[in-house]
Amino acid sequence: MPNPFQSQSPFLRSFSRIINFLKLLAMEVVAAALNSLLAEPCRLLVRSIYSRICNFLRSRKNFIDLQKNIEALVCLRDDLQREMDENERHENLPRTQVEEWLRMADELEVKVNALPSGDGCRLRYKLSRKLVKLLMEVKQLMEAGNFFENMLVVIEKPKTVEHIPVPSIMSQKTASKNLSKIMELLINDKVKRIGICGMGGVGKSTLVKNLNNELNKMPSAQPFSVIIWATSSRETNLRRIQIQIAERLNLQVKMAESEERIAIRLHKRLGKERRFLLLLDDVWDAVDLDLLGVPRPEDHVGSKIILTSRSLDVCRMMITDTNIEVNALNGEEAWELFCQHAGQTVEAENIRPLAEAVAKECGGLPLAIIVVGASMRGKSLIALWKDALRALQRSVPLIKGIEDKVFNTLKWSYDSLQDEHIKSCFLFCCLYPEDWTIEVCELVRYWFSEGLLDECLDYEELENRGMAIVESLRDSCLLEQGMFPNTVKMHDVVRDVCIWMACSSQSRNRSLVRSGIGLTWISEQEFLSSLKRVSLMNNEIESLPDCTVKCAEASTLLLTGNHNLKIVPGSFLQGFRSLRILNLSGSKIQSLPSTLVQLGDLRALLLCHCFCLTELPSLEGLSKLQVLDCSGSCITQLPAGLEKLTDLRQLDISETPCLRTIPSRTISRLCNLEFLNLVNTAYEWGAKGESVEGHTPFEEVLCLKKLVALYVHLDSIPRLTSNEINWSRRIKRFKLFIGRGFQMHHTRSAVYDDNSVIFNGFSFSQEWIGGLLCNSDSLEIHFCEGLNRMLEKLVIDGTKVGCFAGLRSLKILFSHSTLKPTPGGCMASFDLLPNLEEIYLHSLSKLESISDFGYFLGLRLSRLRIIDVFSCPTLKLLLSVEGTGRTLVKLEEIRIESCKMLKEQFEYPNSGQRLETDCVAPNLRVLKLKNLPNLETVCRHNESWQHLQELEFLNCNKIRKLPLTTQNEHSIMKVSGELEWWNRLEWDSEDMKRRVKNHFVAVDRFGQVIDNADSII
């Protein structure tokens, strides 16, 4: 602020000011005397003159005071402004009044700074009154500002991490691995959102709490400025989550404050953090980060979100970059955790076997282990342990705490399923025995037959809908992946909860579940009138009650796998008059009672692998039957009345070695048939156009307009007209076995893997197989003759119908054909198999190079991923790229074994020709070479396979150098071979040898891993 009271000479300045003042005073006195003749005005005039004289005389001091006060005011203003801008925590401040005060302080500062500068008595006199007024305003504002400042509460900055009490998981190897995996993801800049998935009680929250505490131990290397823990809930409450985050940040939330306002404040506050980590636990539904008030981690560099959920679908909706599935504990870890909670009692010799069985029933689920272990702590009576074991085996929650803490907790996942039909589908799964591998196609068939799926859907649509339901249940962690593709299983404890719910008297699908528990008989009193489903699967039942049981409402009866069951009493079936599903598969029944036809609502009759079953009663009365499965039985003929089952949609009579006749016009009259399986029967199809008693011509199958899936064995290639080729295109699922000597057994799930044409023991002449390949995924040729003729025919006729774009896999096994065009013979002018991904060539005695075969069919191999060659004794060269320059950009895996003449893998272009890329297979990941005694080189010197991960060399003793360079040596994960071979290898550098040695696995000449090989190398 400029000082208007500065001069050059103090004496002259003082004298001059007095003279000027006296002049001004005289003028004002004269003016006052002339203008006032009354005493009172004179008195006021004197008082005014006195005041002005004082202001003039004090002007210097007032100016200094104003200077000090305005500086204090500016500091106070800046402090309050900073608190308002940077700290949302001070909710006790009246924000509107403070903002008005800040405005007034700004204006006052402007006024003070605008005071004129200069010298002179007149200016000093004019400013003297203004200084007093400004000083008074400053003091008043200071008083108000101090009042606001006193309202500020000193609030501690939130700690970076707050310790959360939780049991340590460091002794659990599986959990520790998951923890390490998450820690690695936290330093991966590409991963912003991480999902932790798993069933209820499996330890997701425990894992993330341990993560929080581990981060608390590394303050010096802490990547986050604040780590926030918040818990969602089954009923997602956005405000509740907001309050947890606000409290962690020391922000106060008012009762009347809206979610929108809180979100704005949270977003502003978190936006000021360098990097934040939000741990969001127990998420049941997707949380909108914008509505929550959390900056998106994609927009806030370095910040991350970790969420735990029972639903993988929730993680998808939360757009997680990666998901970690938390699985149950292994046996050793489960037992250790059980012992911690059950105490030393379990070590007693007479208790331990029972304790181990009880712990096993918990299925490795930490929550169940902790609850059951704690409830059994200190109990030394054998009877108590036996009772607990029986309760767990029968899925009865008698153990203290098991219902409230375990069953009800897991039931929440079931309750969260939004569709009642999906809930019913889930409850059906508990009918299977414990640890049972359930085929998805079988589940879909059950659900469809029970009416849980829309009957208007066709076969493929039913499969798709069923798969969607299964995936929904898997995403909710209510089902798990089974041992094989297209299978699922239930966790033991989830199954216990499912049975508990299904057997409840309040259940709409009340069930009797006695599967897989070794029953030899069952009392009629078990069959209650309120039952909807009965499962007695996989027991040792020899006989059923020979009376009419009271199960009039039951829709499902499963007697599968009772290998000692020989008779089903007719009176027993009469008690199930509403039955829709009857499964007697795997029993020793020889026939079915005539009362079967009284089951007018029956939709599915399943008699799979009833090896003693030789005949069926007439099925004419089962007008609603939609699924009939007699596969693996010994029936000699189809049941009477089959042709009248016009609602029949699925017919499986595969693996029936005694079925030799199918009456004419039986198959063709099943107008709604969608699925037909006739693989491995003794039946022989009649020739086209012929009508022989007991032998239906294959063209009857062509009359089935709704047929979607066909699995059949034919002795010869059907001669299809152009119209019939269109029919073959309409079939969406098929396996065609053509030839002799088939003894291939396929499970139902294996049937669905791909659309295949398989030739076995067939001699090709002039048949054209192109009509069968139009819709095929896979072609297999086993023990066949005349392959060169077949390929020539395919090339010639291929010019008429075009390429076979659907074919992705080709297998040729056991042939003496050369698989190369004859001199002057036909070769394809375009790629007949443009989408071929896999090629398997085994035991081909005259094959010299895959390229010869490729020239025959015009193959470019642009999509080839896998090459598998085995026992081709004349193979000298795998592939030649000479003349084309094309590379195999999609090739990922090469496996070559027992080809003694092979000298090199690839023939390269001459010096005047270039490859499309620097190497033949730039994306090769796996190379396995076995028993190739003459193979000298794998690739050109310095050719770089940058994605190479696994190498295996066995009896390839002429290989002296691995296909490694500085560009790919770091990608190698495994190198296996014999020790002697390893020691003879040549290396570009000792550093490379040392790095690769860490990934070397020594094997013997049979490929078996050698233990303790590290000490020998």
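Residues numbered from 1 in each chain as written. Predicted model: local features only at pLDDT ≥ 70, side-chain atom pairs only at ≥ 80, totals over all residues. Heavy atoms only, no water.

J.: Can you help me understand the overall build of the protein in this one?
T.: In terms of helices and strands, the protein carries 29 helices and 30 strands. Across the 1017 residues of the protein, 51% fall into the buried class. Here the protein displays about 47,800 Å² of accessible surface, and carbon together with sulfur accounts for 51% of that area. (Helix = DSSP H or I, 4+ residues; strand = E, 2+ residues; numbered from the N terminus. Buried < 20%, exposed > 50% of the residue type's maximum accessible area, 1.4 Å probe, protein only. Areas by Shrake-Rupley, 256 points an atom, 1.4 Å probe, with all protein chains shown as cover.)

J.: Looking at this structure, I do not really get the environment of L536. What am I missing?
T.: Checked against the element boundaries, L536 lands in the loop between β10 (533-535) and β11 (556-558). C-alpha separation for the pair L536 and T560, spaced 24 residues apart in sequence, amounts to 7.3 Å. Setting aside chain neighbours within four positions, we find L536 in contact with R514, S515, L519, I522, F527, I541, L558, L559, T560 and N562. (Contact = heavy atoms within 4.5 Å.)

J.: How should I be thinking about the side chain of S413 in this particular structure?
T.: Relative to the helices and strands, S413 resides in helix α16 (residues 402-415). Classification of S413 as buried rests on a relative accessible area of 4%. Excluding anything up to four places from it in sequence, S413 contacts W284, R310, S476 and L478.

J.: What's the story with the packing of aromatic side chains in this structure? I'm lost.
T.: To describe a pair of aromatic rings, one takes the distance between the centres and the angle between the planes. The final tally for this structure, using the stated rule, is 18 aromatic pairs. Ring geometry for F759 against F762: centres 5.8 Å apart, planes inclined by 50°, an arrangement best described as tilted. Taking relative accessible area as the criterion, F762 reaches 9% and is therefore assigned buried. Ring pairs connect the aromatic residues W335, F338 and W385, which therefore count as one cluster. (Phe/Tyr/Trp six-rings, centres within 6.5 Å; stacked < 30°, edge-to-face > 60°.)

J.: So what exactly am I meant to see when it comes to the packing of helix α12 (residues 331-342) against helix α14 (residues 366-375) here?
T.: Angle between the axes and distance between the axes: these two values describe a pair of packed helices. Where α12 meets α14, the closest approach of the two axes is 7 Å, and the angle between their N-to-C directions is 35°. Classified by chirality, the crossing of α14 by α12 is right-handed. Contacts between α12 and α14 pair A334, L337, F338, H341 and A342 from the former with P366, I369, I370, V372, G373 and A374 from the latter. Split into classes, the residues belonging to the contact of α12 with α14 amount to nine nonpolar, two polar and no charged. (Axes fitted to C-alpha atoms, helices over the stretch in contact; angles between N-to-C directions. Left-handed = near helix turned anticlockwise from the far one by under 90°. Nonpolar A, V, L, I, M, F, W, Y, C, P; charged D, E, K, R; others polar.)

J.: Got a minute to help me understand the confidence of the model for the protein in this structure?
T.: Caution is warranted with low-pLDDT regions, since their predicted coordinates should not be read in detail. Mean pLDDT over the protein: 83, with 82% of residues reaching 70 or higher. Here helix α24 (residues 748-751) is the element of the protein with the lowest mean pLDDT, 44, and strand β23 (residues 866-870) is the one with the highest, 97. Counted against residues more than four places away or in other chains, residues 745-751, with its pLDDT under 50, gives 21 contacts. (pLDDT = per-residue confidence, 0-100.)

J.: Help me understand unusual backbone geometry, please; the structure alone is not making it clear to me.
T.: In most cases, non-glycine residues show a negative phi, while peptide bonds are predominantly trans. For L861, which is not glycine, the phi dihedral falls at a positive 55°. Here L861 is to be found in the loop between α27 (850-857) and β23.

J.: I'm lost on the pattern of salt bridges in this one. Help?
T.: If the charged atoms of two oppositely charged side chains come close together, the side chains can form a pair. In this structure the tally under the stated criterion is 38 salt bridges. Ionic pairing is found between E273 and R269, a salt bridge with its closest N-O pair at 2.8 Å. Like E273, the residue R269 is buried in the burial classification. For K930, the salt bridge identified is with E952, shortest N-O distance 3.5 Å. (Salt bridge = Lys/Arg side-chain N within 4 Å of Asp/Glu carboxyl O.)

J.: Sorry if this is basic, but what is going on with the side chain of E450 here?
T.: Within the secondary structure, E450 is located in helix α18 (residues 440-450). Of note is the side chain of E450, whose polar atom sits 2.8 Å from the side chain of R533. Beyond its immediate chain neighbours, meaning those up to four positions away, E450 contacts F428, R533, S555, T556, R580 and I581. (Polar contact = N/O pair within 3.5 Å; in protein donor to acceptor, adjacent residues only side chain to side chain.)

J.: I keep staring at the sheet that holds strand β5 (residues 322-325) and nothing clicks. Help me out?
T.: The strands that make up a sheet pair up through hydrogen bonds in the backbone, lying either parallel or antiparallel. Across the sheet, which stays open at both edges, the five strands sit in the order β2-β3-β4-β1-β5 with parallel pairing between neighbours. Either end of the sheet is taken by a strand with one partner, and the two such strands are β2 (226-231) and β5. Strand-to-strand twist in this sheet, taken as the mean axis angle between neighbours without regard to direction, amounts to 15°. Across six bridges, the pairing between β2 and strand β3 (residues 276-281) is parallel. Opposite I227, over in β3, you have L277 as the bridge partner. (Pairing = 2+ DSSP bridges.)

J.: I'm lost on helix α17 (residues 420-428) in this one. Help?
T.: Along an α-helix, a turn takes 3.6 residues, which lines up residues three or four apart on a common side. Across the nine residues of α17, seven count as buried, placing the element largely inside the fold. Inspection of α17 places I422, K423, S424, C425, F426, L427 and F428 among the buried residues, and these make up the whole buried set.

J.: Where do I start with the environment of A368 in this structure?
T.: With respect to the helices and strands, A368 occurs in helix α14. Classification of A368 as buried rests on a relative accessible area of 2%. Each C-alpha atom, one on A368 and one on F338, is 9.4 Å from the other, the two residues being 30 residues apart in sequence.

J.: Just to check I follow, could you spell out the pairing of strand β25 (residues 893-897) for this structure?
T.: Two faces, one strand: in a regular strand the side chains alternate between the faces of the sheet. Judged from the five bridges that link them, β23 and β25 form a sheet pairing that is parallel. Each bridged residue has a counterpart across the sheet, and for D868 the counterpart in β25 is R895. Pairing geometry for β25 and strand β27 (residues 926-930), over five bridges, is parallel. Its bridge partner lying in β27, E897 is registered against K930.

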